[in-house]
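Secondary and tertiary structure notes
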Amino acid sequence: MHVMTSSARPLLNRRLAEFGTTIFAEMSALALRTGSINLGQGFPDTDGPEEVREAAVRALRDGRGNQYPPGPGVPELRTAVAAHQQRRYGLSYDPDTEVLVTAGATEAIAAALLALLEPGDEVIAFEPYYDSYAACIAMAGGKRVPVTLRPDGGSFRLDLDELRDAVTDRTRLLLINTPHNPTGTVLSRQELTAIAELAVERDLLVVTDEVYEHLVFDDAEHVPLAAFPGMRERTVTISSSGKTFSFTGWKVGWITASPGLVTAVRSAKQYLTYVSSGPFQYAVAEALALPDTYFEAFRADMLAKRDLLAAGLEEAGFRVFRPAGTYFVTTDIRPLGETDGVSFCRSLPERAGVVAIPNAVFYDHREAGAPFVRFAFCKRTGVLEEAVRRLKASAG
């Protein structure tokens, strides 16, 4: 049936007009079509711990979570999230009033922004930023104000003066991501202290995306912003199970925040998915209680893969920013005689049989991100070795 529509009015809501197909969909399709190694999208190519997978199977068989779970999340998972925040960071949250389970961190971000923003509110986010941030701010009717992380030596750094200057009377919220995707920057205690002081001084809400909290390397440490003075009552802390336990398809995320903030976010979340991932919530509760040896081994494995890919990319001629966190390496393609990351990534599968993501799509200031390209290293070692071999061959 052909539906008649007014030619004057596009079908897509104008707030979302700038958000077409995501770059991840385009690059994953390209990987499939060319038979390339996909180092674009950040998902592992092996499942996480067997005992966690078995816990999900057990929950399914025992009939736990097969019907709607409670709106805030199953009590076992909320208790496990609270215990995790206490054990890792000394932050105490009440599982009944200060924890909310979501359909991954992506829904947590969407629900938080839809709940906390009014049309016209300004949101400061670091660019490059994960693409859902911009779309969720737009859906909430907010205005995004990017503060650019810039290359400085071997990493990308935040300019605190630039951040302060970006705050206006219309600023409602800071959207902070550390460890930072895609640059791999991990904000230091000094930087977080300054952000906390700014938020308190200007009475700003803060939403922090901490999904890579267990993937920090070298001398970096992850400290939640909620742990700083004056931040506990104004911060919505978001994390998830996908990146930490390598079950990205389960979509189990959560927020921790003060009761008023949790109530606000839950008001929006209940009309998005209502609830999700019932049996998986029980499995993730068990995963969060795994011994420290699991988290240490996970980090050590990713560190080895980071170093393998980073060294290979350097040998292939890229300038490499070795990440202090996450499972992505950002590179600069200018030493290869290239300046446009988007066209570089579109032609890379044909030339080298490898797929990467152009960082420019994560910027409002596209020119600032033009020469940067992101590779994921959350893959099997043999896959990374083959990708490196292909990249070196095509360069050489």
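Everything numeric in this text was worked out from a predicted model, so none of it was measured.

1. Quick word on the packing of aromatic side chains
Summed over all chains, the structure comprises 18 aromatic pairs. Their ring planes at 35° and their centres at 6.1 Å tell us that Phe24 and Phe362 sit as a pair that is tilted. Residue Phe24 is located in helix H1 (residues 23–34), and its partner Phe362 is located in the loop between strand E14 (357–358) and helix H13 (366–369); the two are separated by 338 residues in the primary sequence. What makes Phe24 buried here is its relative accessible area of 9%. Given the relative accessible area of 1%, Phe362 is considered buried. An angle of 50° between the planes, with centres 6.4 Å apart, marks the rings of Phe217 and Phe377 as tilted. Of this pair, Phe217 sits in the loop between strand E8 (205–209) and strand E9 (235–240) while Phe377 is found in the loop between strand E15 (372–376) and helix H14 (381–395), placing the two residues 160 residues apart along the sequence. On the basis of relative accessible area, Phe217 is assigned to the buried category, the value being 1%.

2. Notes on helix H3 (residues 75–89)
For H3, with 15 residues, the first-to-last C-alpha span of 21 Å sits near the 21 Å given by 1.5 Å per residue. Buried residues of H3: Leu77, Arg78, Ala80, Val81, Ala82, His84, Gln85 and Tyr89, and no others. On its buried side, H3 packs onto strand E2 (99–102), E9, strand E10 (253–256) and helix H10 (278–288). Following H3 by one or two positions, Gly90 has its phi on the positive side, about 70°.

3. Re the packing of H1 against helix H12 (residues 341–352)
Closest axis-to-axis distance for the H1/H12 pair is 10 Å, and the angle between their directions is 15°. What the angle tells us is that H1 and H12 run roughly parallel. Considering only the axes of H1 and H12, their crossing is right-handed. Contact residues: Glu26, Met27, Leu30 and Thr34 in H1; Cys345, Arg346, Pro349 and Glu350 in H12. Residue composition of the contact of H1 with H12, grouped by class: four nonpolar, one polar and three charged.

4. Quick notes on the nonpolar core
Counting residues in each nonpolar core, the largest one holds 101 residues, and the members touching the most others are Leu77, Leu173, Leu175 and Phe375. Broken down by element, the residue count for this core peaks at eight residues, all from helix H4 (residues 104–116). Apart from residues lying up to four places away in sequence, Leu175 is in contact with Leu113, Val123, Ile124, Ala125, Phe126, Tyr133, Ile137 and Val207. The next biggest cluster of nonpolar side chains, apart from the first, holds 27 residues, and it includes Val167, Ile176, Ala196 and Phe372.

5. Quick look at the sheet that holds E9
Taking strand neighbours across the sheet as the criterion, the seven strands line up as E2-E10-E9-E8-E7-E3-E4 in an open arrangement whose pairing is mixed. One side of each edge strand has no neighbouring strand; the edge strands of this open sheet are E2 and strand E4 (143–148). Along the sheet, successive strands turn relative to each other by an average axial angle of 20°, direction set aside. In the sheet, E9 pairs with E10 via four bridges, with the strands oriented antiparallel. When the sheet's bridge partners are listed, Thr237 is paired in E10 with Thr256. Running at roughly 115° to E2, H3 makes contact with E2, E9 and E10 of the sheet.

6. Concerning the UniProt feature "domain: Aminotransferase class I/classII large" (unreviewed entry) in the chain
Per the UniProt record, the feature "domain: Aminotransferase class I/classII large" (unreviewed entry) sits at residues 37–391. The span residues 37–391 carries 41% helix and 18% strand; its end-to-end C-alpha distance comes to 11 Å.

7. Here we look at the side chain of Lys379
Relative to the helices and strands, Lys379 is located in the loop between E15 and H14. As a buried residue without a salt bridge, Lys379 has its nearest oppositely charged side chain in Asp45, at a separation of 5.8 Å. Non-local contacts of Lys379, meaning those with residues more than four positions away in its chain, are made with Asn38, Leu39, Gln41, Phe43, Asp45, Lys305 and Leu384.

What counts and how
Residues numbered from 1 in each chain as written. Predicted model: local features only at pLDDT ≥ 70, side-chain atom pairs only at ≥ 80, totals over all residues. Heavy atoms only, no water. Phe/Tyr/Trp six-rings, centres within 6.5 Å; stacked < 30°, edge-to-face > 60°. Helix = DSSP H or I, 4+ residues; strand = E, 2+ residues; numbered from the N terminus. Buried < 20%, exposed > 50% of the residue type's maximum accessible area, 1.4 Å probe, protein only. Expected span 1.5 Å × (residues − 1). Contact = heavy atoms within 4.5 Å. Axes fitted to C-alpha atoms, helices over the stretch in contact; angles between N-to-C directions. Parallel < 35°, antiparallel > 145°, perpendicular 65-115°, else oblique. Left-handed = near helix turned anticlockwise from the far one by under 90°. Nonpolar A, V, L, I, M, F, W, Y, C, P; charged D, E, K, R; others polar. Core = buried A, V, L, I, M, F, W, Y, C linked by side-chain atoms within 4.5 Å. Pairing = 2+ DSSP bridges. UniProt positions renumbered as here; feature names shortened; annotations may be inferred. Lys, Arg positive; Asp, Glu negative; His and termini not counted. Salt bridge = Lys/Arg side-chain N within 4 Å of Asp/Glu carboxyl O.

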